[in-house]
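Below are the chains, spelled out letter by letter.
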Amino acid sequence: MTNNTDGDLLLKNINAQAPFPICFTDLEKAVAEKIETGPFGYIRSGAGGEQTLHNNRAAFEKYSIIPRFLHDVSNIDTSIELFGKTHPTPFLFAPVGMNRMAHDEGELAVVRAAEQLKIPYIQSTVSSYALEDVAQAAPAATKWFQLYWSTNEDIAYSMADRAEAAGFEAIVLTVDTVMLGWREEDVRNQFSPLKLGYARGNYMNDPVFTASLPDNSFESYVQGVLQNVFHPTLNWENVRELKRRSNLPILLKGILHPEDAELAIENNIDGIIVSNHGGRQLDGVIASLDALPAIVKTVNGRIPVILDSGVYRGMDALKALALGADAVAIGRPFVYGLALNGQQGVEKVMTNLYDELKVSIALAGATSVKGLRNITIVKKDGVDDQ
């Protein structure tokens, strides 16, 4: 519970000793000036002509809140519950790979920030640091492991087993990467972080993966990752087998169609992350926010629904929560914070997002995350059923 009479959150930032970029546009500009073109382009860009990337932002702009007033909003409850555990904010750290492109401490800095802020952290398969190192860096943090399927299925099962042994509390299986999206920015910059070794962490610490290599050379590692990281054969039977083998909750990340959401429930999946991979996979795809209401309606509270992709502001998170999301995953903003100032930069970005969310909840006339579902939210082409 947060007391909004403790001080003005905006003035807190105005009085800050060292100004830090507070909005996403300023963050992006500052990072563009700090890191090299290849890594910046990889982090910033979307697939193809970037229609999906733009769709994500345009979707948030289509929705407006009709606030209510003359309610006591001095105390705001931003807590949520996921899989029997209460968290103080409705945020998660989205799985973003190869964080050493942004900062030498990479995922270690991010998970330490997550531990400090008490925000669940989802680690990517293609991390620069191994999941065991991440677990050791922040033992008190809530950690989930994002799993990319593998051409060699035993590698996928091995990574899931390692995550469970290391204390991770859920597996997030990404389903929209059957092959790499058409990423023109990377071709333009002639930049491939996979080929440069930024994803070594989990692979080179996996006994099944290393046993599959002909030797320990860097070239063998690169070829091994490229052969295994994409999985065009992934299907529901693989999902069912992963569910049978794991003792952890299994979430599917990349669901956009309500029929796939229903199939997930029929296959005993524990949660859904509505996501289009931040616009980085198939171009011309529906915005995650536009896909959210139909999936929320289909799921009807049976399992958690989390919104991912395009959340750049606290107000974006509010709109997703008002449309029925149980939590919201943050991606590019925290990576930009990491690039600017390591762990402290991550903490600053996430704190700014949270402060904006708290202010916005109160100004909308709500006092809790659940209460946001009673707020009227208007779409340009009509009013949603709220």
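Everything below is about the structure shown above.
Because the structure is predicted, anything quoted here is derived from the model rather than measured.

(A) Representation of the packing of aromatic side chains in the model. Taken as a whole and assessed by the stated rule, the structure comprises 11 aromatic pairs. Ring geometry for W149 versus Y157: centroids 5.3 Å apart, planes at 85 degrees, classification edge-to-face. The same class applies to W149 and to Y157, which are both buried. Put simply, the rings of F24, F40, Y312 and Y336 pair up and form one aromatic cluster. Over the face of the ring belonging to Y221 we find R200, whose NZ or CZ atom lies 5.1 Å from the ring centre. The ring of Y42 is capped by R280, whose NZ or CZ atom sits 4.3 Å from the centre of that ring.

(B) Here's a closer look at the environment of F209. Residue position: F209 is located in helix α10 (residues 207–211). Among the residues examined, F209 registers a relative accessible area of 0% and is labelled buried. In this structure the C-alpha to C-alpha distance between F209 and I306, which are 97 residues apart in sequence, comes to 31 Å. Setting aside its immediate chain neighbours within four residues, F209 contacts I155, Y203, M204, Y221, G224, V225 and N228.

(C) The arrangement of the pattern of salt bridges in detail. Per the counting criterion, the structure on display carries 17 salt bridges. Here E237 makes a salt bridge to R240, at a shortest N to O gap of 3.1 Å. Note that E237 and R240 are positioned in helix α12 (residues 236–245) at a spacing of 3 residues, about one turn of the helix. Residue class for E237 comes out partly exposed when judged on its relative accessible area of 36%. Judged by relative accessible area, R240 falls into the partly exposed class, the value being 31%. K358 serves as the salt-bridge partner of D355, at 3.5 Å between the closest nitrogen and oxygen. In this pair, D355 and K358 both sit in helix α16 (residues 332–364), 3 residues apart, roughly one turn of the helix.

So, how was this worked out
Residues numbered from 1 in each chain as written. Predicted model: local features only at pLDDT ≥ 70, side-chain atom pairs only at ≥ 80, totals over all residues. Heavy atoms only, no water. Phe/Tyr/Trp six-rings, centres within 6.5 Å; stacked < 30°, edge-to-face > 60°. Buried < 20%, exposed > 50% of the residue type's maximum accessible area, 1.4 Å probe, protein only. Lys NZ or Arg CZ within 6 Å of the ring centre and 35° of its normal. Helix = DSSP H or I, 4+ residues; strand = E, 2+ residues; numbered from the N terminus. Contact = heavy atoms within 4.5 Å. Salt bridge = Lys/Arg side-chain N within 4 Å of Asp/Glu carboxyl O.

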